[in-house]
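Chain and residue survey
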Amino acid sequence: MIARIDHIGIAIQNINDALKFFEDALGMKLDHIASEEGGRTKVAFMPVGSSDVELVEPQDAESGLGKFLAKRGEGVHHICFEVDDINAALARLKEHGAQLIDETPRTNASGMQYAFIHPKSAHGVLIELYQRPNGK
Ligand code: ZN
């Protein structure tokens, strides 16, 4: 059911400042920076093997991410697992009484389906599930 870790999302105040650590000091490689969620989030993609570290910078203080950053400060925001069947995964979670943020999957600009599981049901970890479009 769980194929691999797709990415780890790290909430940061400013991507350019954070790159001084992640790229210059730690030696990770920036792939690209993209605007996500209709411009509400700026994301820096840094591949590590077959996974990514994603630095996520809110562009809107009222977004979930903006509120997270104001309340908790910078740090690990979520872990994303790739699954082969996101609908089956969500059904299984519901069966086990887990609290879901997304009852049905959302689709992002690249056609990937995703859904978040509430941290209350996941021992304090915000978990994202991802299903890639067929053949990718
Ligand atoms: Zn994510």
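To be clear, the structure that these remarks concern was listed above.
Since this is a predicted model, take the numbers as computed values, not measurements. (Residues numbered from 1 in each chain as written. Predicted model: local features only at pLDDT ≥ 70, side-chain atom pairs only at ≥ 80, totals over all residues. Heavy atoms only, no water.)

Another aspect to go through is the coordination of the zinc ion. The protein atoms that coordinate the zinc ion are H7 (NE2), H78 (NE2) and E128 (OE), at distances of 2.0 to 2.1 Å. Along the chain, the residues donating to the zinc ion fall in the pattern H-x70-H-x49-E. With H7 in strand β1 (residues 2-11) and E128 in strand β8 (residues 127-131), the pair connects residues that are 121 residues apart, well separated along the chain. (Donors = N, O, S within 2.8 Å, 3.2 Å for Na, K, Ca; no water. Helix = DSSP H or I, 4+ residues; strand = E, 2+ residues; numbered from the N terminus.)

With that settled, the discussion passes to helix α3 (residues 86-95). The complete set of buried residues in α3 reads I86, A89, L90 and L93. Taken down its axis, α3 places every buried residue within 95° of arc, on the same side. Buried residues along α3 sit against β5 (75-83), β7 (113-117) and β8. Of the residues flanking the start of α3, the one acting as N-cap is D85, its side-chain oxygen 3.2 Å from the backbone nitrogen of N87. Looking at the residues trailing α3, positive phi occurs at G97, about 75°. (Buried < 20%, exposed > 50% of the residue type's maximum accessible area, 1.4 Å probe, protein only. Arc of directions from axis to C-beta. Contact = heavy atoms within 4.5 Å. Polar contact = N/O pair within 3.5 Å; in protein donor to acceptor, adjacent residues only side chain to side chain.)

Okay, unusual backbone geometry next. Despite not being glycine, E37 shows a phi value in the positive range, around 50°. Among the structural elements, E37 can be located in the loop between β2 (32-36) and β3 (41-48). Although it is not a glycine, H123 adopts a positive phi angle of roughly 55°. Relative to the helices and strands, H123 is located in the loop between β7 and β8. Judged by relative accessible area, H123 falls into the exposed class, the value being 80%.

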